[in-house]
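# Survey of secondary and tertiary structure
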Amino acid sequence: MKVKRFGVSLEEDILTELDKLVEKSKFPNRSRAIRYLIKDSLTKEKIDSNKIVAGAVVIVYDHHKRELNNNLMHVQHEYHDLILSTQHVHLAHDLCLETIAVKGNALKLKELSDRIIGTKGVKHGRFVMTDIE
Ligand code: NI
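Residues numbered from 1 in each chain as written. Predicted model: local features only at pLDDT ≥ 70, side-chain atom pairs only at ≥ 80, totals over all residues. Heavy atoms only, no water.

## A few points about the domain arrangement of the protein
Selection rule: Domain start and stop positions are those given by an automatic or database domain assignment.
Domain parsing of the protein yields domain 1 (12-46) and domain 2 (52-131). Summarising the inter-unit geometry, the C-alpha centres of domain 1 and domain 2 are found 27 Å apart.

See the structure below:
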């Protein structure tokens, strides 16, 4: 795709924050960071639409927590038509990492990820998605 250049004016403190992001996230330059931020923001907008998107719900949890495994399984079966695969990795004695690959209506996927990440006992969760149209 053709790349176009354009000028961007930013307050100094925002530019400092941008440079910190570039360094922290190992972007090769400011352009790549800005490109990433724009793409990310546009994708987030699609979450409120009825578009078909794909992505992954990534969670970390303690499998010793009572009923947690059952609850997570229950939610996944409820949304089975949106789930492509589930990968479970035993990270440590009591920590599990689960990556749930999903595809479907953006709103439904958001609902599914909110329920999974919001399940009591899930320590950390993130839903990443991308436009596939
Ligand atoms: Ni495990």
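## Some remarks on the environment of G55
The line we're drawing: The helix and strand labels rest on DSSP assignments: H or I over at least four residues marks a helix, E over at least two residues marks a strand, and numbering proceeds from the N terminus. Any two residues whose heavy atoms approach within 4.5 Å are treated as being in contact.
Along the chain, G55 falls in strand β1 (residues 52-62). Separated by 28 residues in sequence, G55 and I83 have C-alpha atoms that sit 9.9 Å apart. Not counting residues up to four positions away in its chain, the partners in contact with G55 are I100, A101, V102, V128 and M129.

## Some points on the side chain of T119
Operational definition: Three labels apply to residues, based on accessible area from a 1.4 Å probe with only protein chains included: buried if under 20% of the type maximum, exposed if over 50%, partly exposed otherwise in between. N or O atoms within 3.5 Å of each other form a polar contact, as long as, within protein, one can give a hydrogen and the other can take it, and as long as residues adjacent in sequence are counted only when both atoms are side-chain atoms.
Within the secondary structure, T119 sits in the loop between α4 (106-117) and β4 (122-131). With relative accessibility at 10%, the residue T119 sits in the buried group. Among the polar contacts listed, one links the side chain of T119 to the backbone oxygen of R115, at a separation of 2.7 Å. When residues no more than four places from it in sequence are discounted, the contact partners of T119 are L68, N71 and L72.

## Some details on the nonpolar core
As a reminder, the rule being used: Nonpolar core, defined: a set of buried Ala, Val, Leu, Ile, Met, Phe, Trp, Tyr and Cys residues in which side-chain atoms within 4.5 Å join the residues together.
Grouped together as the largest cluster of nonpolar side chains are 20 residues, with contacts concentrated most on I59, L72, V102, L109, L112 and I116. Among the elements of the structure, β1, α3 (68-78), β3 (95-105), α4 and β4 are those that each provide at least two residues to this core. The residues contacting I116, other than those within four sequence positions of it, are V57, I59, L72, V75, Q76, I100 and V122.

## Observations regarding the sheet that holds β1
The condition is simple: Two strands form a pair only when DSSP identifies at least two bridges running between them. All axes here are fitted lines through C-alpha atoms, helices being fitted over the stretch that makes contact, and every angle between N-to-C directions spans 0 to 180 degrees.
Reading across the sheet, the 4 strands line up as β2-β3-β1-β4 and stay open at both edges, with antiparallel pairing between neighbours. Of all strands in the sheet, those with a lone pairing partner are β2 (83-90) and β4, marking the two edges. Ignoring strand direction, the axes of neighbouring strands in this sheet form an average angle of 15°. The sheet contacts of α3 involve β1, β2, β3 and β4, and relative to β1 the element is tilted by about 170°. Most of the contacts of α4 go to β3, to which it runs at about 165°, and overall it touches β1, β2, β3 and β4.

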